[in-house]
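# Residue-level structural notes
So the chains spell out like this:
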Amino acid sequence: VEILERTNTDFRDTTLINSEPETNPLAPDSIRKPMTVNQKERWRVAAAVYYLPELMFNTIEGDKYIHNTGIDAVFYHGLISIRTGIGISVSKGITRNEVNYNSYMGSYNKLDSITFNYNETQHRFEPNIYTSSQNVWDTLVQSDSSEIIKRYTYLQVPLVLGFDFWKKDRISIGVRVGTIMSVMMKARQLTGEYDPGENLVIGINQLTPSQVNLNWQAVGGIAASAVLTEKISLEIEPQAKYYYGSIYEKSGYAKKPWSLGIRASLLMKF
């Protein structure tokens, strides 16, 4: 009896020491095994190419179209995203000038000098008359207007935050808000200079100001994304922009412009 009691005691002790907690094979992985650092959700990166046509309001020229294109880097973490990159914005602007001039009235031959040669045969002096054509303008100053069309090219750097509030299968919808810095790279004149004809230009006064070299914009929109392949997706984002200040230099035109557009981008995730 004593031998059996010792044997049973030793068996019970060994079983308690060597036993492991029973696991349920049907339980989720998060319950069966604790999540390691490598299994936690990481930041993902995507490269995007986009095109954005927009219509701007509250400008001196009236409503005008702007074309934007560029490349972006998008950083994803769960439902949150951060977008930045570099782009080009191209638009046209009209500069109106007032031209003051004197009207052309005609021309006459102005006497410059006279020389004489002695003709020995006829015993007389023969004159040589030298003249030049002289234009005549009216003394009354008149005014005319002219328009110069320029193409403005801006370099744009955006910083946009996103949050996807709805996801199902391959489709997701979210909001995007941020700011954009625009720096003028080039202003190219598309029209020729004012042609006064034969009128005499007295002076030219610029009536409308040129555009500023730097402007800031606030941007917001609703984005809808569709996964096309494992790495490529398409995003469509109707958006609105509001300019923090006037886009014109030294202007009494106090209205701040705003615009509406649709941004289409193709993303490749890494």
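Residues numbered from 1 in each chain as written. Predicted model: local features only at pLDDT ≥ 70, side-chain atom pairs only at ≥ 80, totals over all residues. Heavy atoms only, no water.

## Side note on the confidence of the model for the protein
- Considering every residue of the protein, the mean pLDDT works out to 86; 84% of them sit at 70 or more.
- For residues 11-23, every residue scores under 50 in pLDDT, and the model assigns this stretch zero contacts once sequence neighbours within four places are set aside. (pLDDT = per-residue confidence, 0-100. Contact = heavy atoms within 4.5 Å.)

## Description of a nonpolar patch on the surface
- A cluster of nonpolar side chains, namely Leu79, Ile80, Phe163, Phe165, Trp166, Ile171, Val175 and Ile222, defines an oily patch on the protein surface of about 710 Å² accessible area.
- If you list the elements that add at least two residues to the nonpolar patch, you get β4 (124-168) and β5 (171-189).
- With three residues, β4 is the largest single contributor of residues to the nonpolar patch.
- Structurally, Ile171 can be placed in strand β5.
- We classify Ile171 as partly exposed; its relative accessible area is 38%. (Patch = residues over 30% accessible without salt bridge, like charges linked within 9 Å, V, L, I, M, F, W, Y side chains within 5 Å. Areas by Shrake-Rupley, 256 points an atom, 1.4 Å probe, with all protein chains shown as cover. Salt bridge = Lys/Arg side-chain N within 4 Å of Asp/Glu carboxyl O. Helix = DSSP H or I, 4+ residues; strand = E, 2+ residues; numbered from the N terminus. Buried < 20%, exposed > 50% of the residue type's maximum accessible area, 1.4 Å probe, protein only.)

## A short note on the pairing of strand β2 (residues 64-77)
- Of the two faces of β2, only one is covered, namely that formed by Lys64, Ile66, Asn68, Gly70, Asp72, Val74 and Tyr76; the face formed by Tyr65, His67, Thr69, Ile71, Ala73, Phe75 and His77 stays uncovered.
- With 13 bridges connecting them, strand β1 (residues 44-57) and β2 associate as antiparallel partners. Bridge pairing in β2 links Ala48 to Asp72.
- Turn length for the β2-strand β3 (residues 80-119) hairpin, with the two strands adjacent in sequence and antiparallel, is two residues, and the turn residue Gly78 shows positive phi of about 65°. (Pairing = 2+ DSSP bridges.)

## Focus on the environment of Leu155
- Mapped onto the fold, Leu155 is located in strand β4.
- Given the relative accessible area of 26%, Leu155 is considered partly exposed.
- As a C-alpha pair, Leu155 and Gly87 span 68 residues in sequence and 5.9 Å in three-dimensional space.
- In contact with Leu155, not counting residues within four places along its chain, are Ile86, Gly87, Ile88, Met181, Ser182, Val183 and Met185.

## Some thoughts on empty space enclosed by the protein
- Counted under the stated rule, the structure contains three cavities of 30 Å³ or more.
- As a volume, the largest cavity reaches approximately 130 Å³.
- Around the largest cavity sit 16 residues that line it, and Met56, Ile66, Tyr154, Asn215 and Tyr243 are the ones nearest its centre.
- Looking at the lining of the largest cavity, the elements with two or more residues in it are β1, β2, β3, β4, β7 (214-227) and β8 (232-243).
- In terms of residue count, the dominant contributor to the lining of the largest cavity is β2 (three residues).
- Taken together, the residues of the lining of the largest cavity sort by class into five nonpolar, eight polar and three charged.
- For the second largest cavity, the calculated volume is near 110 Å³. (1 Å grid on protein atoms, 1.4 Å probe; cavity = no way out; pocket = protein on both sides within 12 Å on 5 of 7 lines; lining within 4 Å. Points joined across faces, edges and corners; volume = space filled by probe spheres on them. Nonpolar A, V, L, I, M, F, W, Y, C, P; charged D, E, K, R; others polar.)

## Quick look at the layout of surface pockets
- Considering only enclosed or pocket space, the largest pocket measures out at about 200 Å³ in volume.
- If you go around the largest pocket, you meet 17 residues; those closest to its centre are Lys167, Ser172, Ser225, Val227 and Lys269.
- Breaking the lining of the largest pocket down by element, the ones donating at least two residues are β4, β5, β7, β8 and β9 (258-269).
- Per-class residue counts for the lining of the largest pocket are five nonpolar, four polar and eight charged.

## Description of the pairing of β3
- Note that β2 and β3 share 12 bridges and pair antiparallel. When the sheet's bridge partners are listed, Tyr76 is paired in β3 with Ser81.
- The turn joining β3 and β4, which pair antiparallel and follow one another in sequence, is formed by four residues; a positive phi near 55° is taken by His123.

## Digging into the packing of aromatic side chains
- Taken as a whole and assessed by the stated rule, the structure comprises three aromatic pairs.
- Each ring, one from Tyr104 and one from Trp137, has its centre 6.5 Å from the other, and the planes form 65°; the classification is edge-to-face. Of this pair, Tyr104 sits in strand β3 while Trp137 sits in strand β4, and the two are 33 residues apart along the sequence.
- The ring of Tyr50 carries Arg263 above its face, with NZ or CZ at 4.4 Å from the centroid.
- Across the ring face of Tyr76, the terminal group of Lys269 is positioned such that the distance to the ring centre comes to 4.9 Å. (Phe/Tyr/Trp six-rings, centres within 6.5 Å; stacked < 30°, edge-to-face > 60°. Lys NZ or Arg CZ within 6 Å of the ring centre and 35° of its normal.)

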